[in-house]
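So you can see what is in the structure, the chains are spelled out below.
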Number of protein chains: 2
Amino acid sequence: MKNEVEDAYAQVIKTVVIEDNFWSNFKKVVAEEVIPYQWKALNDQLLGTEPSHAIENFRIAAGESNGTYYGTVFQDSDVAKWLETVAYSLADHPNSELERKADEVISLLGRAQGEDGYLNTYYTLKEPQHRWTNLRDNHELYCAGHLIEAGVAYFETTNKRKLLDIVCKFANLIDSVFGPEPNKIQGYPGHEEIELALIRLFDVTRQQRYLQLAQYFINQRGKNPFYFDDEKERRAKLDTIPSWNDEHVNFGLGYEYQQAHQPVREQKSAVGHAVRAVYLYTAMADLAAKMNDQSLIETCEVLWDDVTKHKMYITAGIGSNVNGESFTSNHDLPNDTMYCETCASVGLVFWANRMLRVDTNSKYADVLERAIYNGTISGMDLDGKKFFYVNPLEVNKYQSKRADQEHVKSRRQTWFSCACCPPNLARMIASIQQNIYTQQNDTIHTHLYIAGEMTTTVAGQVVTLNQEHHYPWNGQIAVDVKLEQTEVFTLSFRIPGWCSEAVVRVNGKAVDVAAYIRKGYIYIEREWRLGDRITLDFAMPVERVSSHPLVSMNVGKVALQRGPIVYCLEETDNGENLAAITLSSKVEFTAAYEKELLGGVVTLNGTAQRIDPKQWQDQLYITGELSLVTCKVKAIPYYAWSNRQKGEMIVWINR
Amino acid sequence: MKNEVEDAYAQVIKTVVIEDNFWSNFKKVVAEEVIPYQWKALNDQLLGTEPSHAIENFRIAAGESNGTYYGTVFQDSDVAKWLETVAYSLADHPNSELERKADEVISLLGRAQGEDGYLNTYYTLKEPQHRWTNLRDNHELYCAGHLIEAGVAYFETTNKRKLLDIVCKFANLIDSVFGPEPNKIQGYPGHEEIELALIRLFDVTRQQRYLQLAQYFINQRGKNPFYFDDEKERRAKLDTIPSWNDEHVNFGLGYEYQQAHQPVREQKSAVGHAVRAVYLYTAMADLAAKMNDQSLIETCEVLWDDVTKHKMYITAGIGSNVNGESFTSNHDLPNDTMYCETCASVGLVFWANRMLRVDTNSKYADVLERAIYNGTISGMDLDGKKFFYVNPLEVNKYQSKRADQEHVKSRRQTWFSCACCPPNLARMIASIQQNIYTQQNDTIHTHLYIAGEMTTTVAGQVVTLNQEHHYPWNGQIAVDVKLEQTEVFTLSFRIPGWCSEAVVRVNGKAVDVAAYIRKGYIYIEREWRLGDRITLDFAMPVERVSSHPLVSMNVGKVALQRGPIVYCLEETDNGENLAAITLSSKVEFTAAYEKELLGGVVTLNGTAQRIDPKQWQDQLYITGELSLVTCKVKAIPYYAWSNRQKGEMIVWINR
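This one's a predicted model, so the numbers in the text were calculated from it and none came from an experiment.

Turning our eyes to something else, we now look at the pairing of strand β19 (residues 589–594) of chain A. Consecutive side chains of a regular strand alternate in pointing toward one face of the sheet and then the other. Looking at chain direction, β19(A) and strand β20 (residues 601–611) of chain A are connected through six bridges and run antiparallel. Directly across from A:F589, in β20(A), lies its bridge partner A:G606.

Right, here's the structure in full:
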């Protein structure tokens, strides 16, 4: 049931079947490798990795196993994210065996759930008497949020209600516990997540209470007096287990760490833990659109610009500091000590997705695209079995001896004790189709170029769009329109920000792009009929990207980008001491599709120059002009780095 | 009493009176500001700084005051370093009031000393029963070393024996406790220092036992089984106070932290805590020369090359990592997160000083000079009242929000709870004349160009050399020779490594430098007579220095150097965003002496270019060629940075 406010904003079109040379493979890897692999992880069946114990915790909570709780306070969320991934994956990779397993897990969750609806194995098993006493640190509402997201997804793709009912029951309990009424807790989560989940729950149930509870959590956040202060005082009188955050509270960042330092509408700068931040902003944007809340929309826009104009790596990595996994100051984007958690870029995708509902502006889709092709999928090996938590833009020889780079790994790892990233990336890939199209009344917006078929209803008619292309390796896109009867409506297509030369044709006839472009989208309104074909030719030269000079670490350097793909140099292709390679503006690159390399990628190949170390003889410092020697240089897509021999890697190359 | 072995090596000439436009001022600041200021610090008379309590600890130990021990385990060493500084300073700034104070402190030390000679207030007051139970962490022998150095210096400059007697008594006790005999402890200090001090004590007392004890500590170090392992086991059975190093032992660096991971002769790479390392190497070099120990000499040479060819900043800063204040891997020289402790560069000066006794090779004096004009004196404000512990080569806008730069300060501080650096720098300045000349038989080597008069005896005759110049601002040096009768001997002068064009004349007549140069020194043997004048003209153009390309952080950058002085850019002269300034090879600099600026310095002034941020409009990343705008650029000596407005600073400038 749509209402007027919702008509003012775009809706995501979810009926999309992907058949894409790039994403179909990633989805296949998720279906065939990641999901079974993570299932083993959740069940402690992986050798040589940290045990997860996540399923076992639920068994114990259900009274079906002995033993004690094990894992982080948010261990439940790994199961939830796995279920959510399974839900999406079943839509395009039906698998009755997997679905049966998922159903069993859902049953287990039901049996582990309290009669009152409560469902959190950490508190149920470790501190049943201390529910809701440490919202600041203990991820209770965060885990609830992930369970809710799983319930929504499983219902959407399988039409099965069981998990949805479980999470509604839990959400109802939470709604009875939190709120402005004097008998309720006036708190909000330390790690945001439940807000965006409750809005998704509203989307499928249309129950206003979930939307209102999300709104309450968002509006309550950061108000003075601070809830976490009061909570801490109350907790001091209880015999609670010390938390991970008790000692060096919030990493010295104060409540900025949780974006709870001031009311959200007063926040003009993205601060604190990057994943928390973007989860909050995702919910804010979604809520703002649902409520037509202009001040919240403005806040989201200000924060978006702050992140993307001051705090985002070229890979769409965010969170430049390991301390608190946090944002720091504007333009502070170190390449070797950064954090760039996979989850943070995944969260940026979610946020961009919501911003595209608020406003069809290519600045959101450009970042979304930057994230999905670079800083998110870099978090996983091509075979789906190893993962990065942290995504560096430079790996150097010093790494192994530098304490400030201890968190940076040059090889992906099999599993983490804090295993948030692998399932988060998996669910993003499995649901990638939810980012391609939105619809606002009779206009269909195409944000991403991912091949396959989309179906929706426009003016009462079923309309199908089919994308065909070899994106992101090739910028020639064909879109075929199918509908029974002719109908007037509008198709809009994003002209990517990286493209300076776009030719758009309808049935071979050029459209005047400059005349019909609005906020980065070309709008084509006409009487569409079966067999109409739109072609979009996006020129894809190799671009040299320069950072704003306030990003001091990148001055004098360029990054290579072709289409949406950011490139890097690896030692295995270019020899050691990658820093010695210099790319004068004269170096020309040839883009070549290499089918057998890294699952099939376009590489960039050119003749560059290298500073000749010989002239130093055996010294550290010399004076005078430097001599250069000619060398071959080969760049590969950043996301595919560290899939071959171990070694140095750089994104930013000396000019 | 010299022996044959000693004749094979050079001896430091200490009878030097400095009258130098550069160093006389630094010495005056030490005499008039630093010494009184540190006296106040030691007596807790400074407002708004951490109390020292160092003198009070001795009073309590002497039974003349109540109260309890306060401070680090090495608090005594601050008093020792102050006394050592006073000793040197009295030689050129006689001050009876100060000498009286020093004598009183020395009396106090005598009263605090145990009957057996023991003198350490931490153990005497806190754990009298646990002497020598934690050599690894508790700096007991380190403090003894500093006391010994003070005793030696005070005797050398005042001819008073009281402190020398005190420290001899203590050294005798230590000698009775440590050694290879079964009834002695087969240990060695966690923080080296006593080794070099014992050799100095041997120099003035000629007692072999001190030299042998130093040799024992050096040879015993790093042997397997490891002494610190055994000590830890024994300590576990005692009720000792936990140490600062118990929790995260040795910063995860193992015994490399203390250079105790293998016997010193097997050490080929400088590792661990940088100050400890260079103190050890200083002693090793001195011992090697005294003992004509070739394998130890070779080890020193290998370690010297390792440090100066792989691990030394252009400022002579060493120790690039805050974790353990340590060396890391080769070429890892970050400019903004480094450590570069003032004490480490001071220690490098001591080591270079000893290497010059082993071998008259300008590679040692070049580094010594680099250190004294750059990375050491940068540790002090020009007025001698504020100090840096850490000497960054870049201060950027991100600093305040970056946990990995927390240790880096952009302003010097008044005092530290761990106050090792200020008195260490003060004693280096006060004794700077000990680095200018060495003598080996009938050859006098001049290593540094510091104006003033040196007196020594050559072939039975008193010879005086008098340097006159405006070094380091001007490379024209005049050296006048005085002696009663003519005599044949050799004068050697270092041709600085930074100088590519040197003209040397004797009484106006040019000497063929190329013909008479050996290991960077020009040797002039002739019959010298009263009134002979040697002139050395060292061309001093502005040089652009480039780092070896393995130092990845400096590729594409140059540093400016003129003579021995390394330059930097400060925001106050050049505006913000110093990284945007680019120096093409065409930029010419004018060197100008500015008498009123920063106590009188040569500044470098040129016209450079700046990346124009306008072309980014409001974006973080753009493609295409960059436009540049012309700008003035002014560089000041690095050592004088942070004496005006707070702001950015860089040494390495984009090309």
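In this section: the sheet that holds strand β14 (residues 533–538) of chain A. All names here are of chain A. Taken together, seven strands build an open sheet; the order of strands is β2-β6-β7-β8-β14-β10-β11 and the sheet is antiparallel. Two strands in the sheet have a free side with no partner beyond their single neighbour: β2 (16–18) and β11 (509–511). Going from strand to strand, the sheet's axes swing by 20° on average, the running direction of each strand aside. As paired elements, strand β7 (residues 461–468) and strand β8 (residues 476–483) share six bridges and run antiparallel to each other. Residue pairing in the sheet places L465 in a bridge with V481 of β8.

Once that is clear, we can look at the relation of the copies chain B and chain A. Mapping chain B onto chain A is achieved by rotating through 180° and translating by 0.0 Å along the same axis, at an RMSD of 0.0 Å. This pairing of chains is accounted for by a two-fold axis. Looking at the interface residues of chain B, 100% of them are also at the interface in chain A, so both copies use one shared face.

With 98% of its residues at a pLDDT of 70 or more, chain A shows a mean pLDDT of 95. Across the assembled chains, the prediction reports ipTM 0.94 with pTM 0.95.

Residues and elements named next belong to chain A. Pairing analysis gives five bridges linking strand β10 (residues 502–506) to β14, with the strands arranged antiparallel. The residue bridging A502 from the neighbouring strand is F538, located in β14. Bridge count between β10 and β11: three bridges; the pairing is antiparallel. Looking at the pairing, V506 lines up with K509 of β11. Counting the residues that bridge the hairpin from β10 to β11 gives two residues, and of these N507 lies at a positive phi of roughly 50°.

The next subject is the pattern of salt bridges. All names here are of chain B. Under the definition given, this model contains 100 salt bridges over all chains. Ionic pairing is found between R221 and E195, a salt bridge with its closest N-O pair at 4.0 Å. Taken as a pair, R221 in the loop between α10 (208–220) and α11 (227–236) and E195 in helix α9 (residues 194–205) lie far apart in primary sequence, 26 residues in all.

Here the focus is the sheet that holds strand β9 (residues 487–494) of chain A. Residues and elements named next belong to chain A. One open sheet accounts for six strands, arranged β1-β4-β5-β9-β13-β12; its pairing is mixed. Only two strands of the sheet have a single partner each, and these edge strands are β1 (11–12) and β12 (517–518). Of the pairings in the sheet, the one linking β1 to strand β4 (residues 437–440) comprises two bridges and is antiparallel in character. By the bridge assignment for β4, V12 is matched with T438.

In this section: the packing of helix α13 (residues 294–310) of chain A against helix α15 (residues 362–375) of chain A. All names here are of chain A. Across the interface, α13 lies against α15 with an axial gap of 12 Å and an inter-helix angle of 45°. In this view, α13 runs oblique relative to α15, as classed from their interaxial angle. Seen along the crossing, α13 lies across α15 with a hand that is left-handed. For the pair α13 and α15, contact is made by E301, W304, D305 and T308 and by K363, Y364 and V367, respectively. When grouped by side-chain class, the residues that make up the contact of α13 with α15 number three nonpolar, one polar and three charged.

On to unusual backbone geometry. The amide bond that connects A:Y471 to the next residue, A:P472, takes the cis arrangement and shows omega of 0°. When you line up the elements, A:P472 lands in the loop between β7 and β8. Cis geometry is adopted by the peptide bond preceding B:P225, which originates at B:N224 and carries an omega value of 5°. One can find B:P225 in the loop between α10 and α11. If you check the backbone angles, A:N159 has positive phi at about 65° while not being a glycine. Despite not being glycine, A:N250 shows a phi value in the positive range, around 55°. By secondary structure assignment, the location of A:N250 is in the loop between α11 (227–236) and α12 (274–291). Since its relative accessible area comes to 1%, A:N250 is described here as buried.

A few words now on α15(A). Residue and element names in this part refer to chain A. With 14 residues, α15 should reach 20 Å at 1.5 Å per residue; the first-to-last C-alpha distance of 19 Å fits that figure. Most of α15 is tucked away: 12 of the 14 residues are buried. Here α15 starts with a cap whose side-chain oxygen sits 2.9 Å from the backbone nitrogen of K363, and that cap is N361.

This part is about the environment of B:F228. All names here are of chain B. Here F228 is to be found in helix α11. Taking relative accessible area as the criterion, F228 reaches 1% and is therefore assigned buried. Taking C-alpha positions, F228 is 8.8 Å from Y188, a pair spaced 40 residues apart along the chain. Those residues in contact with F228 that lie beyond four places of it in its chain are L135, R136, Y188, P189, G190, Y255, Q258 and A260.

This next bit is on helix α2 (residues 23–42) of chain B. The largest bend in α2(B) amounts to roughly 40° and is located at B:V30. Looking one or two places after α2(B), you find B:D44, whose phi comes out positive at around 60°.

Turning our attention to the state of the cysteines. Using the criterion set out here, one finds zero disulfides over all chains in the structure. Not part of a disulfide, A:C340 finds its nearest cysteine sulfur in A:C421, a span of 11 Å.

Calculation criteria
- Residues numbered from 1 in each chain as written.
- Chains lettered and ligands numbered in written order.
- Predicted model: local features only at pLDDT ≥ 70, side-chain atom pairs only at ≥ 80, totals over all residues.
- Heavy atoms only, no water.
- Pairing = 2+ DSSP bridges.
- Helix = DSSP H or I, 4+ residues; strand = E, 2+ residues; numbered from the N terminus.
- Axes fitted to C-alpha atoms, helices over the stretch in contact; angles between N-to-C directions.
- Least-squares fit on C-alpha atoms with pLDDT ≥ 70 in both.
- Contact = heavy atoms within 4.5 Å.
- pLDDT = per-residue confidence, 0-100.
- Salt bridge = Lys/Arg side-chain N within 4 Å of Asp/Glu carboxyl O.
- Parallel < 35°, antiparallel > 145°, perpendicular 65-115°, else oblique.
- Left-handed = near helix turned anticlockwise from the far one by under 90°.
- Nonpolar A, V, L, I, M, F, W, Y, C, P; charged D, E, K, R; others polar.
- Buried < 20%, exposed > 50% of the residue type's maximum accessible area, 1.4 Å probe, protein only.
- Expected span 1.5 Å × (residues − 1).
- Polar contact = N/O pair within 3.5 Å; in protein donor to acceptor, adjacent residues only side chain to side chain.
- Bend = angle between axes of the 7 residues up to and from the residue.
- Disulfide = S-S within 2.5 Å.

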